[in-house]
Amino acid sequence: MTRIDAKFAELNAAGKKAFVAYIMAGDPDYDTSLEVVKGLPAAGVDVIELGLPFTDPMADGPTIQLAGQRALAAGMTLQKTLDLATEFRKTDDTTPIVLMGYYNPIYSRGVDKFLTDAKAAGIDGLIVVDLPPEEDDELCIPAQAAGMNFIRLATPTTDDKRLPKVLQNTSGFVYYVSITGITGSAEAEAGDVAPEVARIKASTDLPIIVGFGINSPEKSRAIASVADGAVVGSAIVSQIAAGKPVSEVHDFVKSLADGAHAA
C-alpha cells in the first residue's frame with residue numbers, strides 16, 4: 001500500500017473528501033518552493049502534487065507555464081525536484097507526493113534510474129500527461145512494479161469506449177479534468193462534473209479527484225461535494241507569482257482545503 005492508498009483509506013474511513021494542492025517545484029526559487037511545500041500539510045493538504053518544470057508543457061495554461069519558466073530560470077532540474085522531495089521527507093513521512101509533469105526529463109534520465117531515485121526521494125505516484133495507455137510498458141508498468149501509483153487523467157472527451165483503456169493500469173486515484181482546455185482557462189461547474197464522476201465511478205473503485213478550474217473555497221467545496229476530492233493548482237501558483245509571503249500562500253491554501261473538507 002502506497003502513502004496515496006493509505007491516505008484515501010484514512011479519508012474514506014473518516015467520511016472526508018480529499019484536498020490536493022499543486023505546486024511547481026522551484027517556483028520562484030528552490031528555497032521558497034521548499035518552504036511552501038513544507039507548510040502544505042499544516043494548511044490541510046492531503047496530497048501534494050509537485051510539478052516537474054519542463055520547457056514545452058502541453059496541458060498547462062499560462063499560469064503554470066510561467067511558473068515552469070520561472071523555476072527553470074532559477075536553475076530547477078529534475079534532480080533538484082527530487083532533492084526538494086527528499087528534504088520534505090526529513091520532517092514528513094506520511095503526506096503523499098505525486099510528481100506531475102512530462103516524459104522527456106524522465107526519458108533523458110533513464111526510466112530505471114529515475115524510478116530508483118524517485119522512490120528513494122519519497123515520491124509516491126506519477127502523473128505523466130503525455131504518455132497514453134498505449135505506452136504503458138514505457139513507464140506505467142515499471143513504476144507500479146517499483147511500488148509507485150501511476151495516476152491517469154480522464155476528461156470530458158473520454159467516452160465510454162476509451163474509458164476502460166484509460167482505467168486499465170491506473171492506480172492511486174483517477175484525476176478527472178473538469179473542463180475541455182488547459183489549466184486555469186475556465187471554471188469547473190459541479191453540475192457538469194457530477195454525472196461524469198458517476199459515469200467513471202461505475203467502472204472503477206478508485207477515488208475520483210477533480211481538477212482544473214477550481215479557484216475559490218466555494219468552488220472547492222462544490223466540486224468536492226460531487227467527487228472524492230478537489231485539486232487546485234493555478235489559483236495557488238498565482239499567489240506565488242504575485243509575490244505573496246509564504247504565510248499568505250498557506251492561508252489561501254487552507255481556505256481551499258477547508259472548502260473541500262466541508263463538502
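Reading guide: rules and limits
- Residues numbered from 1 in each chain as written.
- Predicted model: local features only at pLDDT ≥ 70, side-chain atom pairs only at ≥ 80, totals over all residues.
- Heavy atoms only, no water.
- Helix = DSSP H or I, 4+ residues; strand = E, 2+ residues; numbered from the N terminus.
- Buried < 20%, exposed > 50% of the residue type's maximum accessible area, 1.4 Å probe, protein only.
- 1 Å grid on protein atoms, 1.4 Å probe; cavity = no way out; pocket = protein on both sides within 12 Å on 5 of 7 lines; lining within 4 Å.
- Points joined across faces, edges and corners; volume = space filled by probe spheres on them.
- Nonpolar A, V, L, I, M, F, W, Y, C, P; charged D, E, K, R; others polar.
- Contact = heavy atoms within 4.5 Å.
- Salt bridge = Lys/Arg side-chain N within 4 Å of Asp/Glu carboxyl O.
- Core = buried A, V, L, I, M, F, W, Y, C linked by side-chain atoms within 4.5 Å.
- Pairing = 2+ DSSP bridges.

Colleague: Looking at this structure, how should I read unusual backbone geometry?
Modeller: Keep in mind that most residues, glycine aside, have a negative phi and that most peptide bonds are trans. In this chain, Asp 27 is followed by Pro 28 through a cis amide linkage whose omega measures 0 degrees. With a phi close to 80 degrees, Phe 212 is a non-glycine residue in the positive phi region. Mapped onto the elements, Phe 212 comes out in the loop between strand 8 (208-211) and helix 10 (217-225). Accessibility expressed as a relative area gives 8% for Phe 212, which makes it buried.

Colleague: I'm lost on empty space enclosed by the protein in this one. Help?
Modeller: A probe matching the size of a water molecule, rolled over the atoms, marks out where space remains unfilled. Under the counting rule described, the total for this entry stands at two cavities of 30 Å³ or more. Approximately 120 Å³ is the volume attributed to the largest cavity. Lining of the largest cavity is provided by 17 residues; of these, Tyr 22, Pro 57, Asp 60, Ile 64 and Tyr 102 occupy positions nearest its centre. Within the residue set of the lining of the largest cavity, elements represented by two or more residues are strand 1 (18-24), helix 3 (62-73) and strand 3 (97-101). Per-element tally for the lining of the largest cavity: the top contributor is helix 3, with three residues. Here the residues of the lining of the largest cavity sort into 12 nonpolar, four polar and one charged.

Colleague: Whenever I open this one, helix 11 (residues 234-241) confuses me. Can you help?
Modeller: Note on helix geometry: an α-helix contains 3.6 residues per turn, so any two residues three or four positions apart are oriented the same way. Along helix 11, six of the eight residues are buried, which leaves the element largely enclosed by surrounding structure. The set of residues buried in helix 11 consists of Ser 234, Ala 235, Ile 236, Val 237, Gln 239 and Ile 240. For helix 11, the secondary structure elements touched by its buried residues are strand 1, helix 2 (30-39), helix 3, strand 9 (229-232) and helix 12 (246-261). Just past helix 11, the residue Gly 243 takes up positive phi, approximately 80 degrees.

Colleague: Teacher, can you tell me more about the layout of surface pockets here?
Modeller: Of the volumes computed, that of the largest pocket is approximately 370 Å³. Around the largest pocket, the lining comprises 19 residues; the ones closest to its centre are Val 129, Arg 152, Leu 153, Thr 155 and Thr 158. Contributions of two or more residues to the lining of the largest pocket are made by strand 4 (125-128) and strand 6 (152-154). Broken down by class, the residue content of the lining of the largest pocket amounts to 13 nonpolar, four polar and two charged. In this structure, the second largest pocket spans a volume of roughly 240 Å³. At the level of elements, helix 3, strand 9 and helix 11 are the ones that each hand at least two residues to the lining of the second largest pocket. Taken together, the residues of the lining of the second largest pocket break down into 10 nonpolar, seven polar and three charged.

Colleague: Please clarify how the pattern of salt bridges should be interpreted in this entry.
Modeller: Where side chains of opposite charge bring their charged atoms close, a pairing between them can arise. Enumeration according to the criterion identifies 17 salt bridges in this entry. In this structure, the salt-bridge partner of Lys 113 is Asp 117, at a minimum N-O distance of 3.0 Å. Linking Lys 113 with Asp 117, this pair stays in helix 6 (residues 111-121), spanning four residues, or about one helical turn. Relative accessible area serves as the criterion here: at 47%, Lys 113 is assigned to the partly exposed category. The closest approach of N and O atoms between Asp 160 and Arg 199, which form a salt bridge, is 2.7 Å.

Colleague: Would you explain the nonpolar core in this entry?
Modeller: Side chains that are nonpolar tend, in soluble globular proteins, to be buried together. Counting 88 residues, the largest nonpolar core has Phe 19, Ile 123, Leu 126, Leu 139, Tyr 175 and Ile 236 as its most contacted members. Not counting residues up to four positions away in its chain, the partners in contact with Leu 126 are Val 98, Leu 99, Phe 114, Leu 115, Leu 139, Ala 143, Met 148, Asn 149, Phe 150 and Ile 151.

Colleague: Hey, could you run me through the pairing of strand 8 in this one?
Modeller: Side chains of strand 8 alternate between two faces, with Ile 208 and Val 210 and Ile 209 and Gly 211 buried alike. As paired elements, strand 7 (residues 174-177) and strand 8 share four bridges and run parallel to each other. Looking at strand 8, one finds that Tyr 176 is bridged to Val 210. Across two bridges, strand 8 lies against strand 9 in parallel orientation. Its bridge partner lying in strand 9, Val 210 is registered against Ala 230.

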